[in-house]
Amino acid sequence: MYNMLLRWAKRLLMSLGALLLLAALLFVLGNLYVLGSTARYIDRQILECRPADVGIVFGTSHWTRSGLRNPHFHARMRTSATLIAEQRVSHLLLSGDNRTQAYNEPRAMWRDLHRRGVPADQLTMDFAGFSTYDTLARARDVFQLERALLVTQSWHLPRAIFIGRALGMDVTGCVAEERPTADEWRLKAREWAARVATLGDIYVWDRQPYFLGPAEPIELRSVEPVITPTLYIFEPESSE
């Protein structure tokens, strides 16, 4: 009896070990797949970022849990304002969480960008961007975007681009980078897990956004054509 229980315990441990090894392999391969399939769509210098009519800015908290200014937030705002100034994009869709009255990511982004000189008619807020998936699904279905430039950090862009292109959008990414922070490793570790979950959302569970609503196409600022006056030169008639 004891020997039988020992054999079953060994088999169970071997099976668990094999499952853990398989899970670890799938975890690594899933991340490599997302990273490898999106690398060519990411630009790290603002002036190299591929232009688009609309840039999608992903929301994050204005402040860290310790009460300090969030460098990721300000890097995204700084990059987005520069993209407008350099005319790489002509409009910004600010998508973030607004679950409570006290926490409003799109409104914080709007105020910061307006202070940086971005006109109000070049800003649109999406208050139901509860996740990266929701932001991109709503960009396609609610705001009627087929093409966009995504603005966020380098560790977030691969997943965002992967989702956008899986949804049929022509998206590229512009890195909003800043100096590394002490707790950035936690964000990167969480992002590794999120990439694997994204593969399940798209290929297994057919995830749907939390909230869609009616279509609200973005109206781009009209640009007045520059008319160059034609200069006519009249030569006096020669007398014979």
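Scroll up a little and you will see the structure.
The paragraphs below set out a description of the structure included in this document. Just so you know, these numbers come straight off a predicted model, no measurement behind them. (Residues numbered from 1 in each chain as written. Predicted model: local features only at pLDDT ≥ 70, side-chain atom pairs only at ≥ 80, totals over all residues. Heavy atoms only, no water.)

**Some details on the packing of helix H4 (residues 132–141) against helix H5 (residues 157–166)**
Next up, step 1: Where H4 meets H5, the closest approach of the two axes is 9 Å, and the angle between their N-to-C directions is 40 degrees. Of the possible angle classes, the one that applies to H4 and H5 is oblique. Crossing angle aside, the handedness with which H4 passes H5 is right-handed. Here Thr 132, Tyr 133 and Leu 136 of H4 lie close against H5, whose contacting residues are Arg 159, Ala 160, Ile 163 and Gly 164.
Next up, step 2: The residue inventory of the contact of H4 with H5, partitioned by class, reads four nonpolar, two polar and one charged. (Axes fitted to C-alpha atoms, helices over the stretch in contact; angles between N-to-C directions. Helix = DSSP H or I, 4+ residues; strand = E, 2+ residues; numbered from the N terminus. Parallel < 35°, antiparallel > 145°, perpendicular 65-115°, else oblique. Left-handed = near helix turned anticlockwise from the far one by under 90°. Contact = heavy atoms within 4.5 Å. Nonpolar A, V, L, I, M, F, W, Y, C, P; charged D, E, K, R; others polar.)

**Quick word on the packing of aromatic side chains**
Next up, step 1: Considering all chains together, one arrives at four aromatic pairs under this definition.
Next up, step 2: For the pair Phe 27 and Trp 192, a centre-to-centre distance of 6.2 Å together with 25 degrees between the ring planes defines the contact as stacked. Of this pair, Phe 27 sits in helix H1 (residues 2–38) while Trp 192 is found in helix H6 (residues 184–203), placing the two residues 165 residues apart along the sequence.
Next up, step 3: Between Phe 130 and Tyr 210, the ring centres sit 5.3 Å apart and the planes meet at 80 degrees, which makes this aromatic pair edge-to-face. Of the two residues, Phe 130 sits in the loop between strand S4 (123–126) and H4 while Tyr 210 sits in the segment after H6, which places them 80 residues apart along the sequence.
Next up, step 4: Tyr 210 gets classed as exposed once you look at its relative accessible area, which sits at 64%.
Next up, step 5: Taken together, the ring pairs in this structure connect Tyr 33, Phe 162 and Tyr 203 into an aromatic cluster. (Phe/Tyr/Trp six-rings, centres within 6.5 Å; stacked < 30°, edge-to-face > 60°. Buried < 20%, exposed > 50% of the residue type's maximum accessible area, 1.4 Å probe, protein only.)

**What about the side chain of Asn 31?**
Next up, step 1: Note on placement: Asn 31 falls in helix H1.
Next up, step 2: Here Asn 31 falls in the buried class, since its relative accessible area comes to 0%.
Next up, step 3: Excluding anything up to four places from it in sequence, Asn 31 contacts Glu 191, Trp 192, Arg 195 and Val 196.

**Digging into the side chain of Asp 126**
Next up, step 1: Tracing the chain through its elements places Asp 126 in strand S4.
Next up, step 2: Polar side-chain contacts of Asp 126 include one of 2.8 Å to the side chain of Arg 138.
Next up, step 3: Discounting chain neighbours no more than four positions away, the residues touching Asp 126 are Leu 93, Leu 94, Ser 95, Gly 96, Pro 106, Arg 138 and Phe 143. (Polar contact = N/O pair within 3.5 Å; in protein donor to acceptor, adjacent residues only side chain to side chain.)

**Considerations on the state of the cysteines**
Next up, step 1: Scanning all chains against the criterion turns up one disulfide.
Next up, step 2: Disulfide pairing is shown between Cys 49 and Cys 174; the S-S distance is 2.1 Å. Disulfide Cys 49-Cys 174: torsion about the S-S bond near 75 degrees, hence right-handed. Pair noted here: Cys 49 is in the loop between strand S1 (42–43) and strand S2 (54–58) and Cys 174 is in strand S6 (residues 170–175), with a separation of 125 residues, a long-range link. The pair formed by Cys 49 and Cys 174 is uniform in burial state, with each residue classed as buried. (Disulfide = S-S within 2.5 Å.)

**Considering a nonpolar patch on the surface**
Next up, step 1: Nonpolar side chains collect at one region of the surface, where Leu 12, Leu 13, Leu 16, Leu 19, Leu 22, Leu 25, Leu 26, Phe 27, Val 28, Leu 29, Leu 32 and Trp 192 lie side by side and expose about 1,100 Å² of accessible area between them.
Next up, step 2: The leading source of residues in the nonpolar patch is H1, at eleven residues.
Next up, step 3: Tracing the sequence through the fold places Leu 22 in helix H1.
Next up, step 4: On the basis of relative accessible area, Leu 22 is assigned to the partly exposed category, the value being 45%. (Patch = residues over 30% accessible without salt bridge, like charges linked within 9 Å, V, L, I, M, F, W, Y side chains within 5 Å. Areas by Shrake-Rupley, 256 points an atom, 1.4 Å probe, with all protein chains shown as cover. Salt bridge = Lys/Arg side-chain N within 4 Å of Asp/Glu carboxyl O.)

**Examining helix H3 (residues 105–115)**
Next up, step 1: Considered for burial, the residues of H3 that qualify are Glu 105, Pro 106, Ala 108, Met 109, Trp 110, Asp 112 and Leu 113.
Next up, step 2: Structurally, H3 contributes buried residues whose contacts are with S2, helix H2 (71–85), strand S3 (91–95) and S4.
Next up, step 3: At the N-terminal end of H3, a side-chain oxygen is found 2.9 Å from the backbone nitrogen of Arg 107, two or three residues along, and the residue is Asn 104.
Next up, step 4: At the exit of H3 stands Gly 117, carrying a positive phi of roughly 100 degrees.

**Quick notes on the layout of surface pockets**
Next up, step 1: Considered as a void within the structure, the largest pocket measures approximately 1,100 Å³ in volume.
Next up, step 2: Lining the largest pocket are 39 residues; nearest its centre among them are Thr 60, Ser 61, Trp 155, Leu 187 and Arg 190.
Next up, step 3: Per element, the largest residue contribution to the lining of the largest pocket is eight residues, and it comes from H6.
Next up, step 4: Looking at the lining of the largest pocket residue by residue, the class counts come to twelve nonpolar, 15 polar and twelve charged. (1 Å grid on protein atoms, 1.4 Å probe; cavity = no way out; pocket = protein on both sides within 12 Å on 5 of 7 lines; lining within 4 Å. Points joined across faces, edges and corners; volume = space filled by probe spheres on them.)

**As for the pairing of S6**
Next up, step 1: For S6, a buried count of five out of six residues is recorded, marking the element as mostly surrounded by other parts of the structure.
Next up, step 2: In the sheet, S1 pairs with S6 via two bridges, with the strands oriented parallel. Within S6, the position partnered with Ile 42 by the bridge is Gly 173.
Next up, step 3: Here strand S5 (residues 147–152) pairs with S6 via six bridges, running parallel. Within S6, the position partnered with Leu 150 by the bridge is Gly 173. (Pairing = 2+ DSSP bridges.)

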